[in-house]
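Tertiary structure, described
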Amino acid sequence: MSAMDLSSAAFPVNTPKFWGDEKELVANCIETGWISSEGPAVKKFEAKLASKCGRRHAIACANGTAALDIAVKALQLGKGDEVILPSFCIISVITQVVRGGSVPVLVDSDSTFNMDVAQIRERLTPRTKAIICVHTYHFPVDMEPVLALVKERGIKVIEDAAEMIGQTCLGRPCGSFGDISTMSFYPNKHITTGEGGMVLCDAPDLAERCQQLRNLCFDPKKRRFVHEELGWNYRMTNLQAALGLGQLSHLEEAVSRKREIGRLYTKLLEGCPGLILPPDKNQKSESNIYWVYGVEVAPSVSCDADAVMKRLAAAKVGTRPFFWPMHEQPVFEPMGFFKGQSFPVAERIARRGFYIPSGLALEDHEVEEVARRIRKVMEEIVSADGGYSK
C-alpha cells in the first residue's frame, strides 16, 4: 500500500507475506498432477523442517490442532491421566486431552504470558503423565526448570511451538524440546501453508505412530483398509507442502522482519497513554520474536480491551483479543472441570490484552499509520477518564 492511500486505509490484523519462490513450487504440483498428500513435496518439507528444528522426524498434517491431537494420542495419554497445561492458551491445546479422557490440570501465567513454571511442581500428583508447554505470543516458555522436573519424574512433555517458529530457547530451536513438538502454519504464522501443521519428535517408534494416526491408522504391515485402531485423516496436501517449502527458505528473513515491526511499534508507541507495551527481551535476555504485537490496557484505564478494540475498529485498525482462559470456558462447566479455580494473571490479560496488525506484509509506513491511530484513540480514551495514564 502506498503512503498516499493511508488516510482512508483499513489495516487487517494479519496479512501474510509471499516471497516469490512459492508460485513456481505450487505451479509444479499442478503441472505434474501431484496435488494430494502422496506428492514428493510433503516428505521434502518434513525433512527440511526437521533439520531446521534439530529433530530426527517430522510428520506433516492438516493444521496445528491436528498436530496436537496426534501428539496427545501418540503419547497414549488416557483416562484418568493428568496433564498440566496453562489456563491461558487456545482451546486446541486442551481439546484432545479432554476427549481422550485425561484430566486437564491448569497453571497460571507469568509476566511473559507463558505458563508460570514455578507453579508446576505444586500441581504434580502420582497421576501426572504429561506437561504441555505452550510458547505464547512473544517469548518461549522457561524450559530449563520444566526439563529438569520431568527428568526426575519420567513425565512426558509436549511442546506447542506454533507461535515460535524460528525462535530459540536455551540456545536451541523452538520445536526441539520434549518428547514431541507441534507447529501450525496458519496464515498468521512465520511459515504459512494456508492451513497446515507439523509434529516433530526424535523417537522412531513415536514418529511411526504419529504417521499412522495422521493417516486413518492404516498399518503398512497389514492389508489396506483393515484397521485395528481409529485415527484421523489429518494429511497435508502436496500443494500445501510446496507452499511451505517456499516459505521455509525465508524463515530467517521472516523472523528478522517481525522483530523490525515489533521494535518500530515500540518506538512509535512509547509513552502512549493507557497502554502497556511488550518488552524486547525477557529475564533470560531472549529476544522477543513479536509473533504478534500484544499490548495490555493499563489498570488505571476504566475500560477494558473490548472497548478499546471497538474504538480501534471504528478507526479501521484490525485487532484480535487475547485468549480466553480455559478455566472460564463455558464448555467445561458441565464436565465439572475447574470449579472454584481462579488464575488471576490469565483472567487479567484475557480482559485487558489484545494485539494489533502484525502481519509480515506490513510496511514501515503502514506501521507508522497504525501507531498514529492507536495513539489518537488512546489519548481520547484516557482524556475522557480525566487524565493521562501509563
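Notes on the structure follow. (Residues numbered from 1 in each chain as written. Predicted model: local features only at pLDDT ≥ 70, side-chain atom pairs only at ≥ 80, totals over all residues. Heavy atoms only, no water.)

**A word on helix 8 (residues 238-248)**
One turn of an α-helix holds 3.6 residues; hence residues three or four places apart share an orientation. Put simply, the rule is: Remark: exposure states derive from per-residue accessible area (1.4 Å probe, protein chains only) relative to the maximum for the residue type, with buried under 20%, exposed over 50%, and partly exposed in between. The numbering of helices and of strands both runs from the N terminus, where a helix is a DSSP run of H or I of at least 4 residues and a strand a run of E of at least 2. A contact between two residues is defined here by any heavy atoms of the two lying within 4.5 Å.
Within helix 8, ten of the eleven residues are buried, which leaves it mostly tucked inside the rest of the structure. Regarding helix 8, the residues found buried are Asn238, Gln240, Ala241, Ala242, Leu243, Gly244, Leu245, Gly246, Gln247 and Leu248. Buried residues in helix 8 make contact with helix 1 (21-32), helix 2 (40-53) and helix 9 (251-269).

**Some thoughts on the pairing of strand 8 (residues 180-184)**
The condition that has to hold: When DSSP locates at least two bridges between a pair of strands, those strands are taken to pair.
Of all five residues that make up strand 8, five are buried, and the element is covered over most of its length. Along strand 8, one buried face is formed by Ile180, Thr182 and Ser184 and the opposite face, lined by Ser181 and Met183, is buried too. Both strand 5 (residues 156-160) and strand 8 contribute to a ladder of three bridges, which runs parallel. Opposite Ile158, over in strand 8, you have Ile180 as the bridge partner. Pairing geometry for strand 8 and strand 9 (residues 197-201), over five bridges, is antiparallel. Across the sheet, Ile180 pairs through a bridge with Cys201, a residue of strand 9.

**Some details on the pattern of salt bridges**
Applicable threshold: Salt bridge, as used here, is a side-chain nitrogen of Lys or Arg placed within 4 Å of a carboxyl oxygen of Asp or Glu.
Overall, the coordinates contain 20 salt bridges when judged by the stated rule. Glu252 is paired through a salt bridge with Lys52; the nearest N and O atoms lie 2.9 Å apart. Of the two residues, Glu252 sits in helix 9 while Lys52 sits in helix 2, which places them 200 residues apart along the sequence. In this structure, Lys221 engages Glu208 in a salt bridge whose closest nitrogen and oxygen atoms are separated by 3.4 Å. Linking Lys221 in the loop between helix 7 (204-214) and helix 8 with Glu208 in helix 7, this pair joins segments that are 13 residues apart in sequence. On the basis of relative accessibility, which here comes to 68%, the residue Lys221 falls in the exposed class. If you follow the salt bridges from partner to partner, you end up with Asp142, Glu144 and Lys284 in one network.

**Re the sheet that holds strand 5**
The following threshold applies: Axis definition: a line fit to C-alpha positions, over the contact stretch in the case of helices; interaxial angles, taken between N-to-C directions, run 0 to 180 degrees.
What the seven strands build is an open sheet, ordered 1-9-8-5-4-2-3; its pairing is mixed. The open sheet is flanked by strand 1 (57-61) and strand 3 (103-107), the only strands paired with a single partner. Taking the axes of each pair of neighbouring strands and ignoring which way they run, one obtains an average angle of 20° across the sheet. Note that strand 2 (residues 82-86) and strand 3 share five bridges and pair parallel. Each bridged residue has a counterpart across the sheet, and for Val83 the counterpart in strand 3 is Pro104. Where helix 4 (residues 92-99) meets the sheet, its contacts fall on strand 2, strand 3, strand 4 (128-134) and strand 5, and the angle it forms with strand 3 comes to roughly 145°.

**Things to note about helix 9**
For clarity, the cut-off: Any helix carries an expected span of 1.5 Å times its number of residues minus one.
Here helix 9 spans 27 Å end to end across 19 residues, near enough to the 27 Å set by a 1.5 Å rise per residue. Regarding helix 9, the residues found buried are Leu251, Ala254, Val255, Arg257, Lys258, Arg259, Ile261, Gly262, Leu264, Tyr265 and Leu269. On its buried side, helix 9 packs onto helix 2, helix 8, strand 11 (293-297), strand 13 (353-356) and helix 12 (364-384). The positive-phi residue at the C-terminal boundary of helix 9 is Gly271, with phi of around 80°.

**Some thoughts on the state of the cysteines**
What counts is decided by this rule: Put simply, a disulfide is two cysteine sulfurs that come within 2.5 Å.
If you walk through the whole model with that rule in mind, you get zero disulfides. Cys217 takes part in no disulfide bond, and the closest cysteine sulfur to it belongs to Cys210, at a distance of 11 Å.

**Comments concerning the packing of helix 2 against helix 8**
Between two packed helices, both the angle of their axes relative to each other and the distance between the axes serve to describe the pair. Here is the rule: Each crossing is labelled by how the near helix is turned from the far one, with a counterclockwise turn of less than a right angle marking it left-handed and a clockwise turn marking it right-handed. Residues are grouped as follows: Ala, Val, Leu, Ile, Met, Phe, Trp, Tyr, Cys and Pro are nonpolar; Asp, Glu, Lys and Arg are charged; every other residue, Gly included, is polar.
Where helix 2 meets helix 8, the closest approach of the two axes is 8 Å, and the angle between their N-to-C directions is 35°. Note that helix 2 runs across helix 8; the crossing there is left-handed. Seen from helix 2, the contacting residues are Pro40, Ala41, Val42, Lys44, Phe45, Lys48, Leu49 and Lys52; seen from helix 8, they are Asn238, Ala241, Ala242, Gly244, Leu245 and Leu248. Residues of the contact of helix 2 with helix 8, tallied by class, amount to nine nonpolar, two polar and three charged.

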